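# Architecture and fold: a report
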Amino acid sequence: QVQLVESGGGLVQAGGSLRLSCAASGRTFSGYFMGWFRQAPGKEREFVAAINWIGGSTYYADSVKGRFTISRDNAKNTVSLQMNSLKPEDTAVYYCAAKRGRLGFDRPGEYDYWGQGTQVTVSS
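Here's what I pulled together on the structure shown here. (Residues numbered from 1 in each chain as written. Predicted model: local features only at pLDDT ≥ 70, side-chain atom pairs only at ≥ 80, totals over all residues. Heavy atoms only, no water.)

This paragraph deals with the environment of Arg45. As for its placement among the helices and strands, Arg45 is situated in the loop between β4 (33–39) and β5 (46–51). As for Arg45 and Cys96, which are separated by 51 residues in sequence, their C-alpha atoms are 12 Å apart. Not counting chain neighbours up to four residues away, the residues in contact with Arg45 comprise Phe37, Arg38, Gln39, Tyr95, Pro108 and Trp114. Side-chain polar atoms of Arg45 contact the side chain of Gln39, separated by 3.2 Å. (Helix = DSSP H or I, 4+ residues; strand = E, 2+ residues; numbered from the N terminus. Contact = heavy atoms within 4.5 Å. Polar contact = N/O pair within 3.5 Å; in protein donor to acceptor, adjacent residues only side chain to side chain.)

Glancing now at the nonpolar core. In this structure, Leu4, Met34, Trp36, Val79, Leu81, Met83 and Tyr94 are the most contacted members of the largest nonpolar core, which totals 38 residues. Among all residues touching Met83, those that are not within four sequence positions of it are Gly16, Ser17, Leu18, Leu20, Arg67, Phe68, Tyr94 and Val120. (Core = buried A, V, L, I, M, F, W, Y, C linked by side-chain atoms within 4.5 Å. Buried < 20%, exposed > 50% of the residue type's maximum accessible area, 1.4 Å probe, protein only.)

What follows concerns the pattern of salt bridges. Enumeration over the complete set of coordinates arrives at five salt bridges. Of the charged contacts in the structure, one is a salt bridge between Asp90 and Arg38, with a shortest N-O distance of 2.9 Å. A residue pair is termed long-range when its members are at least 10 positions apart, and Asp90 in the loop between β8 (78–83) and β9 (92–99) and Arg38 in strand β4 qualify at 52 residues. Exposure class is identical for Asp90 and Arg38. Each is buried. Here Asp62 and Lys65 are joined by a salt bridge, their closest N and O atoms 3.2 Å apart. Beyond isolated ion pairs, a larger network of salt bridges with shared partners links Arg38, Glu46, Arg67 and Asp90. (Salt bridge = Lys/Arg side-chain N within 4 Å of Asp/Glu carboxyl O.)

This paragraph deals with the state of the cysteines. Under the defined criterion, the tally for this structure stands at one disulfide. Here Cys22 is linked by a disulfide to Cys96, with a sulfur-sulfur distance of 2.1 Å. Across the S-S bond linking Cys22 and Cys96, the dihedral sits near -75 degrees, which makes this disulfide left-handed. Of the two residues, Cys22 sits in strand β3 (residues 18–26) while Cys96 sits in strand β9, which places them 74 residues apart along the sequence. Of the residues examined, Cys22 reaches a relative accessible area of 0% and is grouped as buried. The exposure class assigned to Cys96 is buried, which follows from its relative accessible area of 0%. (Disulfide = S-S within 2.5 Å.)

This part covers the sheet that holds strand β7 (residues 68–73). Here four strands make up an open sheet; going across it, the order is β1-β3-β8-β7 and the pairing antiparallel. The open sheet terminates on both sides in strands that have one partner only, identified here as β1 (2–7) and β7. Going from strand to strand, the sheet's axes swing by 15 degrees on average, the running direction of each strand aside. Note: β3 against β8, six bridges, orientation antiparallel. When the sheet's bridge partners are listed, Ser21 is paired in β8 with Ser80. (Pairing = 2+ DSSP bridges. Axes fitted to C-alpha atoms, helices over the stretch in contact; angles between N-to-C directions.)

Glancing now at the packing of aromatic side chains. Per the stated rule, a full pass over the model turns up eleven aromatic pairs. Ring plane angle 80 degrees and centroid distance 6.3 Å describe the contact between Tyr95 and Trp114, whose orientation is recorded as edge-to-face. One end of the pair, Tyr95, is in strand β9; the other, Trp114, is in strand β10 (residues 113–114), and 19 residues separate them in sequence. With relative accessibility at 13%, the residue Tyr95 sits in the buried group. Relative to Trp114, the ring of Tyr111 has its centre 6.0 Å away and its plane inclined at 55 degrees; by these criteria the two rings are tilted. Tyr111 sits in the buried class, given a relative accessible area of 6%. We classify Trp114 as partly exposed; its relative accessible area is 27%. (Phe/Tyr/Trp six-rings, centres within 6.5 Å; stacked < 30°, edge-to-face > 60°.)

The analysis is restricted to geometry; functional conclusions fall outside its scope.
So this is what it looks like as structure tokens:
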């Protein structure tokens, strides 16, 4: 079992930055592929970014590529999402998730564990 707790959400103006963090506890954190997803009102949950077990490989949705950076610190059991140049369309609840294996890293249904989410609101 892995427990995930997100933090760092808030209200920011367009063009601003936020850094989301996800603290993990339970089973060995380093053994899990970690992802960030988001869900806006009335929309399906969508992939944002993912990172492999040792942080050597990262993956991004086209909509955030070049603006968001995912990273992890296995010693501290944390994964972070640095979000720059935020846009109003980035407004959503952001979720941290964990899974075994790389296959399907961009599909919410492939993840085993989820945090409770943190709200990000970008004003225009």
